[in-house]
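So you can see what is in the structure, the chains are spelled out below.
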Amino acid sequence: MENEKKVVTLTYGCQMSERDAETIAEIASQAGYSRSEDLATADLVIINTCCVRESAENRILGKIGELKKLKEKNPNLKIAISGCMVQQPGALERLQKRAPHVDIWAGTHNLHNFPSLLSRAEQGKKVAEVWQEPKLTLESTPLAEQGKLQANVNIMYGCDNFCSYCIVPHVRGRERSRKPEEIIQEIENLVASGCREVTLLGQNVNSYGKEFSPAYDFADLLRAADQIPHLLRIRFITSHPKDLSDKLIETVAKGEKLCEHFHLPIQSGSNLILQRMNRKYTREYYLSRVQKIRELIPNASLTTDIIVGFPGETEEDFEQTLTIMKLIHYSQAFTFMFSKRSGTLAATMEDQIALDVKKRRLQRLMSVQNQESQDWRQRMVGKTYEVLVEGPSKTNPTRLTGRTRGNELVVFKGNSNLAGSLADVTIIEAGTWTLVGELEES
Ligand code: SAH
Ligand code: SF4
């Protein structure tokens, strides 16, 4: 339709943030907006934000600035900014002053109120709403676009860990788990609409259900989800090392659809830094968990998050991060320079590390990990893997792409009607970032 209203959704940050953006986009589509990627013709632009590092905030502020010019050309354009950045204590006022052209400001806890915010904005009002507390009853009725091959499903919200560098507990509230039957129902609905792979989301999935009585934990939830007919794969993020139980590792080892991939952020290899980070495990404990995974699931792939330049990190501490990486052999690592987040304990710590030192350490860390990732992919050459076929590759449409159970991306030649099914693919070449494979005849 020519005059149908269009919404463009931009999202920054983690999968939780992506999942929230999905909910808001769905709300907008129920309010009569069709989804689009073209900013120039948009009637509504929604930016779901992240504030985990300053660099993310700066990128978002830049984008909000760009939208001002767009609004000058199209005064009917409505701009909505939601999520973590808005939820930070004291942020709203500062943001409103900086970007008066924005129509809707919303925090992380009131997404479900977006329909009313939107209709007020459509009447020409500027609206801002940030709730201090979440309401689980609202969070438990999420909206999702149906008919997609892969979907993210929240199993819990918030975080109780208060790692000393992290803003997440301050903007996402205390940890709360959704009821297993609601989660299973949501997955069954997704599967009925064509979904074949779900990723279960939580800041620390390993502590899922800790408030439940009678006891019901994350491994129990995985076992239940593993029984859902027509679902092909189940992934989960993020596993906090301190709560990674033997029961969970055994469950993944035995499960049929449970992918053998653990995203197990280590953050640092130095016990002193881990303690200052309030991570509640040691280097030795982390290694013992990895050993247990490798013992029960020899082909499991491990990925991680690492922060360099945490306050007080010496060269020796940093070397310990490098040595543990070489011991563990991660298939992939997300590496960050420590960023001061106001309101967190680490922001007030002495011995902040100079930017040039952080940059140097990040470079060294990345070059070690690039080699590790390359070696990991090289070891896959000649072996055959189960791949969930996603469809034609975006960069090379004559090829198909898909992921292994370990979450490695593979490109290979094949018929696009394979999309949505499992295929056996033998790896023939390990590129810098991807793997090239060959389809096995079935
Ligand atoms: N809940 C997940 C991840 C949350 S944030 C977990 O516990 O692992 C994602 C990653 O961002 C973190 O793992 C950490 O490596 C990084 N991060 C968080 N706060 C940061 C900060 N202040 N500076 C730099 N990196 C940070
Ligand atoms: Fe942040 Fe730590 Fe919670 Fe992860 S576990 S969200 S790093 S406080």
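Now for a look at the structure at hand. (Residues numbered from 1 in each chain as written. Chains lettered and ligands numbered in written order. Predicted model: local features only at pLDDT ≥ 70, side-chain atom pairs only at ≥ 80, totals over all residues. Heavy atoms only, no water.)

**Focus: a negative patch on the surface**
- Among the surface-exposed residues, Asp424, Glu438, Glu440 and Glu441 lie close enough to one another that they form a single negatively charged patch.
- Residue placement: Glu441 occurs in the segment after strand S19 (435-439).
- A residue is classified by how much of its surface remains accessible, and Glu441, at 77% relative accessible area, is exposed. (Patch = residues over 30% accessible without salt bridge, like charges linked within 9 Å, V, L, I, M, F, W, Y side chains within 5 Å. Areas by Shrake-Rupley, 256 points an atom, 1.4 Å probe, with all protein chains shown as cover. Salt bridge = Lys/Arg side-chain N within 4 Å of Asp/Glu carboxyl O. Lys, Arg positive; Asp, Glu negative; His and termini not counted. Charge placed at Lys NZ, Arg CZ, Asp CG, Glu CD. Helix = DSSP H or I, 4+ residues; strand = E, 2+ residues; numbered from the N terminus. Buried < 20%, exposed > 50% of the residue type's maximum accessible area, 1.4 Å probe, protein only.)

**Looking at the packing of helix H10 (residues 246-254) against helix H12 (residues 283-296)**
- For the pair H10 and H12, the least separation of the axes is 10 Å and the interaxial angle reads 25°. The angle between the axes of H10 and H12 places the two elements in the roughly parallel class. The handedness of the crossing between H10 and H12 comes out as right-handed. Two secondary-structure elements touch here, H10 through Asp246, Ile249, Glu250 and Ala253 and H12 through Arg289, Lys292, Ile293 and Leu296.
- Taken together, the residues of the contact of H10 with H12 sort by class into 4 nonpolar, no polar and 4 charged. (Axes fitted to C-alpha atoms, helices over the stretch in contact; angles between N-to-C directions. Parallel < 35°, antiparallel > 145°, perpendicular 65-115°, else oblique. Left-handed = near helix turned anticlockwise from the far one by under 90°. Contact = heavy atoms within 4.5 Å. Nonpolar A, V, L, I, M, F, W, Y, C, P; charged D, E, K, R; others polar.)

**Here's the deal with the layout of surface pockets**
- Estimated volume of the second largest pocket: approximately 350 Å³.
- As for the second largest pocket, its lining consists of 15 residues, of which Asn299, Ala300, Trp376, Met380 and Tyr385 are closest to the centre.
- When contributions to the lining of the second largest pocket are tallied by element, the ones reaching two or more residues are helix H14 (355-380) and strand S15 (384-392).
- In terms of residues, the lining of the second largest pocket owes the most to one element, H14, which gives 3 residues.
- Looking at the lining of the second largest pocket, its residues break down into 5 nonpolar, 4 polar and 6 charged.
- The residues that make up the lining of the second largest pocket include at least three from each of domain 2 (150-376) and domain 3 (384-439). (1 Å grid on protein atoms, 1.4 Å probe; cavity = no way out; pocket = protein on both sides within 12 Å on 5 of 7 lines; lining within 4 Å. Points joined across faces, edges and corners; volume = space filled by probe spheres on them. Domains from an automatic or database assignment.)

**What about helix H1 (residues 15-30)?**
- For H1, which comprises 16 residues, the first-to-last C-alpha distance of 23 Å matches the rise-based estimate of 22 Å (1.5 Å per residue) to within 8%.
- The buried fraction of H1 amounts to 12 of the 16 residues, a majority that puts the element mostly inside the structure.
- Of all the positions in H1, only Met16, Ser17, Arg19, Asp20, Ala21, Glu22, Thr23, Ile24, Ala25, Glu26, Ile27 and Ala28 are classed as buried.
- One or two steps after H1, the chain reaches Gly32, where phi turns positive at roughly 100°. (Expected span 1.5 Å × (residues − 1).)

**Concerning the sheet that holds strand S13 (residues 301-308)**
- Taken together, the 3 strands give an open sheet; going across it, the order is S12-S13-S14, and neighbouring strands pair in parallel fashion. For this open sheet the edge positions go to strand S12 (261-263) and strand S14 (332-337), each flanked by a neighbour on one side alone. Each strand of the sheet is rotated relative to its neighbour by a mean of 10°, with strand direction disregarded.
- When S13 meets S14, the two strands line up parallel, connected through 6 bridges. The residue bridging Val308 from the neighbouring strand is Met337, located in S14. (Pairing = 2+ DSSP bridges.)

**A look at the sheet that holds strand S11 (residues 233-237)**
- Pairing is parallel across the open sheet formed by 3 strands, whose spatial order is S7-S10-S11. This sheet does not close on itself; its edge strands, each paired only once, are strand S7 (150-154) and S11. Looking at each pair of strands side by side, their axes are set apart by 25° on average, direction ignored.
- Judged from the 5 bridges that link them, S7 and strand S10 (residues 197-201) form a sheet pairing that is parallel. Considered in S10, the bridge of Asn154 is made with Leu201.
- In the packing of helix H8 (residues 180-192) onto the sheet, contacts are made with S7 and S10, and the angle to S7 comes to roughly 165°.
- Contacts from helix H9 (residues 218-226) reach S10 and S11 within the one sheet, and its direction differs from that of S11 by about 155°.

**What to know about the packing of aromatic side chains**
- According to the stated counting rule, one finds 6 aromatic pairs in the structure shown.
- Measuring from ring centre to ring centre gives 5.5 Å for Tyr208 and Phe212, while their planes differ by 90°; the resulting arrangement is edge-to-face.
- Geometrically, the ring pair formed by Tyr281 and Tyr286 is tilted, given 6.0 Å between the ring centres and 40° between the ring planes. Assigned by exposure class, Tyr281 and Tyr286 land together as buried.
- Linked through ring pairs, Tyr165, Phe310 and Phe338 together constitute an aromatic cluster.
- Geometry around Phe336 places Arg53 over its ring, the cationic atom sitting 3.6 Å from the centre. (Phe/Tyr/Trp six-rings, centres within 6.5 Å; stacked < 30°, edge-to-face > 60°. Lys NZ or Arg CZ within 6 Å of the ring centre and 35° of its normal.)

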